[in-house]
Amino acid sequence: MIIKNIKPYEIKEAQVTKESIYKERRKFINTSASLVLGMMGLANSQESSTLSPESDAAKNFNAKSKDSLIYTQNPNYKESTITPYIKATSFNNFYEFGMQKDDPSKRANILQTSPWDVVIDGEVENKMKISYEDILKKMPLEERIYRLRCVEAWSMNIPWIGFELGALLALAKPTSQAKYVCFQTAVQENMPAIKHPALASFIPFPYIEGLRIDEATHPLTLLAVGMYGHILPNQNGAPLRLVVPWKYGFKSIKSINKITLTKEMPQTTWQKLASEEYGFYANVNPNVPHPRWSQASERFIGDGLSLSRQKTQMFNGYGNEVARLYANMDLEKNF
Ligand SMILES: Nc1nc2c(c(=O)[nH]1)N[C@H]1C(S)=C(S)[C@@H](COP(=O)(O)O)O[C@H]1N2
Ligand SMILES: [Mo]
């Protein structure tokens, strides 16, 4: 995600075709980022440019792999290719931990995910504060492989483990006044972008996202607590994050601790920053370009042997299930 006058890192990245070049650039970026962070007193020896993000991600995985989840597999959501775990956990957007793609895998280990409560309030009969453990006790988990399409024109296929958001919202009993759902990411003082606002000074935290109530209660909309068979790594939004597969990735807000049902459409983080570039709906749509780049195709992040560009699908390929939600809407205006 980039706003005007910020160097379009993502676009340069999307133009890179060879994995080797991509890796070289990553190394270079790591080095320059370390220099800057070093000056800001943020860098430590663990974060030097010699340490690959892959090894960090691997460490994280090993530390958490014992925390397996019990779940069933949903046969309706399968993909022939899955993005390797190492890629899905070392190439991330989680700006609370920095602006570079490998910042979250390097720094999100400081996120405190326990104890964790989620407040559900606003237009509900049962305002509640529910712990992560109680959520897990109440919600049967399933695995679904979903396509994830970032607005920056890259994509991944990820096996999420979670439950339908609608089932959790039902516990709180939305009133007839509840037209929208607003989500908030926890703010923790030691998050790099909170501690050193210069790191992401233009982003107002907490990160806020929103959905219409019919989108939020659509059976495709998940709250994920795990991926690849295990609990979520911090960089992917532990302990629980939204997954809305027909919308651009920025809607899938991470590390949620507050859900508020509202009468009015909430203002989201990216709308506040650049409403002419990032709309409330953010439905994946190859026919509506971003003001500064085409959305017709995407770079699929797979095993790295075949870095492939593929066509972007309307509603990210979930049109059969969700197109009816937007039957009477002008999708160019409501982007
Ligand atoms: N709190 C928070 N949630 C966030 C973001 C963020 O910066 N902060 N980035 C979003 C963007 S732009 C994308 S593409 C996805 C990336 O999810 P992943 O890192 O698990 O692939 O998370 C989304 N959720
Ligand atoms: Mo994104």
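A brief structural summary. Remember, predicted model here, so these are calculated numbers, not experimental data.

### Side note on the overall build of the protein chain
Across its full length, the protein chain holds 11 helices and 13 strands. The burial tally for the protein chain puts 56% of its 335 residues in the buried class. If you take every contact in the protein chain between residues at least 6 apart in sequence, the share linking residues at least 24 apart comes to 73%.

### Here's the deal with the sheet that holds strand β3 (residues 128-131)
One open sheet holds the five strands; their spatial order is β3-β2-β11-β6-β7, and the pairing between them is mixed. The open sheet terminates on both sides in strands that have one partner only, identified here as β3 and β7 (208-212). Neighbouring strand axes in the sheet, compared pairwise and without regard to direction, differ in orientation by 20 degrees on average. When strand β2 (residues 117-122) meets strand β11 (residues 256-262), the two strands line up parallel, connected through four bridges.

### Observations concerning the packing of aromatic side chains
Any pair of aromatic rings gets described here by the distance separating the centres and the angle formed by the planes. Tallying each qualifying case throughout the model produces 12 aromatic pairs. Taking 5.8 Å as the distance between ring centres and 70 degrees as the angle between the ring planes, the aromatic pair formed by Tyr 95 and Trp 270 counts as edge-to-face. With Tyr 95 in the loop between α4 (85-88) and α5 (103-107) and Trp 270 in helix α10 (residues 269-274), this pair connects stretches of sequence that are 175 residues apart. Residue classification places Tyr 95 among the buried positions, given a relative accessible area of 4%.

### A look at the site of ligand 1
Around ligand 1 lies a shell of 17 residues, among which Asn 92, Tyr 95, Glu 96, Thr 185 and Lys 254 are the nearest. Contacts to ligand 1 include Arg 241, whose side-chain N or O atom sits 2.9 Å from an oxygen atom. Side-chain polar atom of Lys 254 to an oxygen atom of ligand 1: 2.7 Å apart, as the coordinates give it. Burial of ligand 1 by the surrounding chains reaches 100%, relative to a free accessible area of 540 Å². The cavity that encloses ligand 1 is the largest cavity.

### Here we look at the nonpolar core
Counting residues in hydrophobic clusters, the biggest one holds 77 residues, and the most contacted among them are Trp 160, Phe 163, Phe 183, Leu 242, Trp 246 and Ile 259. When residues in this core are grouped by element, the largest group, six residues, is from strand β5 (residues 154-164). In contact with Ile 259, other than residues within four places in its own chain, are Val 118, Val 119, Ile 120, Asp 121, Leu 165, Leu 168, Leu 169, Val 181, Cys 182 and Phe 183. Grouped together as the second largest cluster of nonpolar side chains are five residues, Phe 94, Phe 97, Leu 111 and Met 191 included.

The rules behind each value
Residues numbered from 1 in each chain as written. Chains lettered and ligands numbered in written order. Predicted model: local features only at pLDDT ≥ 70, side-chain atom pairs only at ≥ 80, totals over all residues. Heavy atoms only, no water. Helix = DSSP H or I, 4+ residues; strand = E, 2+ residues; numbered from the N terminus. Buried < 20%, exposed > 50% of the residue type's maximum accessible area, 1.4 Å probe, protein only. Contact = heavy atoms within 4.5 Å. Pairing = 2+ DSSP bridges. Axes fitted to C-alpha atoms, helices over the stretch in contact; angles between N-to-C directions. Phe/Tyr/Trp six-rings, centres within 6.5 Å; stacked < 30°, edge-to-face > 60°. Near = heavy atom within 4 Å. Polar contact = N/O pair within 3.5 Å; in protein donor to acceptor, adjacent residues only side chain to side chain. Areas by Shrake-Rupley, 256 points an atom, 1.4 Å probe, with all protein chains shown as cover. 1 Å grid on protein atoms, 1.4 Å probe; cavity = no way out; pocket = protein on both sides within 12 Å on 5 of 7 lines; lining within 4 Å. Sits in = over half its atoms within 2 Å of the grid points. Core = buried A, V, L, I, M, F, W, Y, C linked by side-chain atoms within 4.5 Å.

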